[in-house]
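# Working through the structure, step by step
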Amino acid sequence: MKRNYRFIISYDGTRYHGWERQPGKDATIQGKLETVLNKMKKSGDETVVNLIGAGRTDAGVHARAMTANAFLDTDMSEEEIQRYMNNYLPEDISVNEVKICSERFHARYNAIGKTYRYTCWYGVSKPVFDRKYVTILDKRPDTEAMRAAAKHLLGTHDFKSFCGNTKMKKSTVRCVDTINIEESGNYIRLYFHGNGFLQNMVRILTGTLLEVGYGNIAPDEVKDILEACDRQKAGPTAPPQGLALMKVDY
């Protein structure tokens, strides 16, 4: 009997083309997970296991706790499924939790919020052991100016200016309820929480806030950028390696 399983997954996205399975590209997170899941089916089951993720992280982006679900017909227990998957998955992907869930649970459609973290580093020395997970800045930005600018981004708005897909036909309205900018030594971490994020949205928000921190954009100009609904008005897309999906809310 097929049951719906919920997975909590961590991955280092450095060498992958992103979460989403892509024709002709073996190196995707979804593809690697589905390959293992399809090996676990009962003998004679010819259906293809489709793993549904809570989101589609970009190439090079990481996740601490991606949620996903899939229907699977197996005699294995939840713990046995987890052990089997981690035994055959590459070392940069880990299944941290497996639970049977309601048949109606959908990792993407049932999500009500997500938390992303973007990590930056500045200084004369190098973050040798974190180099795959931070974006190195040329100089220290003015974080107070960045916090002032971030206030204009809070709430429900049309974030078209911060969407990497300029041909997107669906609604670009989202609610961002939290943007926290924290400093610890040479690290600057930006935390974003909202009900959903557009393609490249967190990276473009980060790139724009960094431009404010460098004095290239005034904090109050961010309000005008938001209202313009024009990608060309916003700052650059920050590099992928500094971004990580931290949590999905249900």
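For the structure itself, look to the data block above.
Nothing here was measured: the structure is a model prediction, and the numbers come from that model. (Residues numbered from 1 in each chain as written. Predicted model: local features only at pLDDT ≥ 70, side-chain atom pairs only at ≥ 80, totals over all residues. Heavy atoms only, no water.)

## A closer look at the packing of helix H1 (residues 29–39) against helix H2 (residues 78–88)
Stated formally: Each axis is a line fitted through C-alpha atoms, taken for helices only over the stretch in contact, and angles between the N-to-C directions span 0 to 180 degrees. Only runs of H or I of at least four residues qualify as helices and only runs of E of at least two qualify as strands under DSSP, and these elements are numbered from the N terminus. Any angle that is under 35 degrees is reported as roughly parallel, and any over 145 degrees as roughly antiparallel; angles of 65 to 115 degrees are reported as roughly perpendicular and all others as oblique. Should the near helix be turned anticlockwise from the far one by less than a right angle, the crossing is left-handed, and should it be turned clockwise, the crossing is right-handed. By the convention used here, residues are in contact when the closest approach between their heavy atoms is within 4.5 Å. Amino acids outside the nonpolar list (Ala, Val, Leu, Ile, Met, Phe, Trp, Tyr, Cys, Pro) and the charged list (Asp, Glu, Lys, Arg) are all regarded as polar, and Gly is one of them.
One can describe the packing of H1 onto H2 by two numbers: an axis separation of 10 Å at closest approach and a directional angle of 125°. If you check the angle between H1 and H2, you find them oblique. Taken as a pair, H1 and H2 cross one another with a handedness that is right-handed. Contacts between H1 and H2 involve Leu-33, Val-36, Leu-37 and Lys-39 from the first element and Tyr-84, Met-85 and Tyr-88 from the second. For the contact of H1 with H2, the per-class residue count stands at six nonpolar, no polar and one charged.

## Comments concerning the packing of helix H3 (residues 143–150) against helix H4 (residues 201–213)
Between two packed helices, both the angle of their axes relative to each other and the distance between the axes serve to describe the pair. Close contact between H3 and H4 brings their axes to 8 Å; oriented N to C, the two are set at 130°. For the element pair H3 / H4, the angle class is oblique. With respect to the hand of their crossing, H3 and H4 are arranged in right-handed fashion. Between H3, through Ala-145, Met-146, Ala-149 and Ala-150, and H4, the contact on the second element is made entirely by Leu-209, Leu-210, Val-212 and Gly-213. Per-class residue counts for the contact of H3 with H4 are seven nonpolar, one polar and no charged.

## Brief notes about unusual backbone geometry
To be explicit about the condition: We call a residue buried when its accessible area falls under 20% of the maximum for its residue type, exposed when it is over 50%, and partly exposed in between, using a 1.4 Å probe and counting protein chains only.
Of note in this structure, Asn-200 is not a glycine but carries a positive phi near 65°. Relative to the helices and strands, Asn-200 resides in the loop between strand S9 (187–194) and H4. For Asn-200, a relative accessible area of 17% corresponds to the buried category. At Cys-229, a residue that is not glycine, the phi angle is positive and equals roughly 55°. Structurally, the position occupied by Cys-229 is in the loop between helix H5 (221–228) and strand S10 (243–249).

## A closer look at the pattern of salt bridges
Which entries qualify depends on this criterion: A pair is scored as a salt bridge if a Lys or Arg side-chain nitrogen falls within 4 Å of a carboxyl oxygen belonging to Asp or Glu.
According to the stated counting rule, one finds nine salt bridges in the structure shown. A salt bridge links Arg-147 to Glu-183; the shortest N-O distance between them is 3.9 Å. Taken as a pair, Arg-147 in helix H3 and Glu-183 in strand S8 (residues 173–184) lie far apart in primary sequence, 36 residues in all. On the basis of relative accessibility, which here comes to 33%, the residue Glu-183 falls in the partly exposed class.

The analysis is restricted to geometry; functional conclusions fall outside its scope.
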